[in-house]
Amino acid sequence: MTTRRKLLLLSGAVLAMPALPRFAAAQQWPSKPIRAIVPFGAGSSIDIIGRIMLEPLSAALGQPIVVENRGGGGGTIGTALVARAEPDGYTLLIHASAHSAAPAAYPRAPYDAGRDLSGVALFGSVPNVTVISPAKGIKTLKELVEAAKKGSFTFASAGVGSATHWAAERLRLAAGFNAVHVPFKGGPEALTQVASGEVDFMSIGVSSGLPFIRSGRLIPLAVSTLKRSSALPEVPTTIEAGYPDSDYTFWNGMLVPAKTPPELINRLHEETLKVLRQPGVIEKFKPQGIEPMPLKPAEFDALIAREIESNIAIVKAAGLKFN
């Protein structure tokens, strides 16, 4: 063998060396507990849905998945933790469509939503339902809009840039009324304030809102989906109520730090799909009104990219100011 050929083979082997430990680690994954960050408080829609998914996923992977609620900043605080984490499959982000709204609401967030995280799998979409206290004497969305146009109204959210904030803004813009945004640290706290009448209304994920609706503490006025929710079949959509372009897709899913090895992303994707097909999970999802969104990782990333662009355009066109 010539000296030149030996050098070429040796240099090729050296170049391949850094990849070998990563490949071995990927083959052995997971070999220790996994951390799942939920960037909103306990009891939020994404927290409820995430925990339904993570318990059977933990069993399938053979390792504990420890859930950490890191709320605040419209989801950006918890998301930043994951964006900075090692891309080794041991830190997951359980998030919602607030992720793609963050660049519009938080342009100075310490991460790039489209580049620093990669989509793994969508759990599905959840209808947002606009709710109000019975004490307000309002029974339809049209009555809410008319009252808001005449007086000073407020709406609650789980934080600036959260899905609850975005859904209400979309409705407000489509219906043409003004209202003061009152952000809270989480959905449950915001719902309590709406139920007490301290804040006028809120657009919240059905998963979180149902207990308040069923107990009679809140009245559901409309859902944000294109078709009625199976969890609230008697409640019209915002479009049915007469407000075009008021719909809002509130997806929920799993992401990981960018540069996570593709083989780990694909493994997580496939295991998540298996969990979504489990009868027990389907049964738990049914009352939440969750609709399937079976996208591949690359399609999930493309969805996020489109939403980021669309949300920034809406903010600029409407002149929205996020307080």
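Structure's up top.
Summarised in this report is the structure supplied together with it. (Residues numbered from 1 in each chain as written. Predicted model: local features only at pLDDT ≥ 70, side-chain atom pairs only at ≥ 80, totals over all residues. Heavy atoms only, no water.)

Examining the overall build of the protein chain
Here comes step 1: Within the protein chain, the regular secondary structure consists of 12 helices and 10 strands.
Here comes step 2: In summary, the protein chain has a C-alpha radius of gyration of 22 Å against a globular reference of 20 Å for 323 residues, a match within 12%.
Here comes step 3: Summarising its shape, the C-alpha atoms of the protein chain cover approximately 90 × 45 × 30 Å along the three principal directions.
Here comes step 4: A burial count over the protein chain gives 52% of its 323 residues as buried.
Here comes step 5: Taking contacts inside the protein chain between residues at least 6 apart in sequence as the whole, the part at least 24 apart equals 80%. (Helix = DSSP H or I, 4+ residues; strand = E, 2+ residues; numbered from the N terminus. Rg over C-alpha atoms; globule rule 2.2 N^0.38 Å. Buried < 20%, exposed > 50% of the residue type's maximum accessible area, 1.4 Å probe, protein only. Contact = heavy atoms within 4.5 Å.)

Examining the pairing of strand 9 (residues 219-223)
Here comes step 1: With 4 of its 5 residues buried, strand 9 lies for the most part within the structure.
Here comes step 2: Here strand 5 (residues 128-132) pairs with strand 9 via 4 bridges, running antiparallel. When the sheet's bridge partners are listed, V131 is paired in strand 9 with P220. (Pairing = 2+ DSSP bridges.)

A look at the environment of I52
Here comes step 1: Within the secondary structure, I52 sits in helix 3 (residues 45-61).
Here comes step 2: With 230 residues separating them along the chain, I52 and I282 place their C-alpha atoms 9.9 Å apart.
Here comes step 3: When neighbours within four sequence positions are excluded, I52 is seen to be in contact with V281, K284, F285 and Q288.

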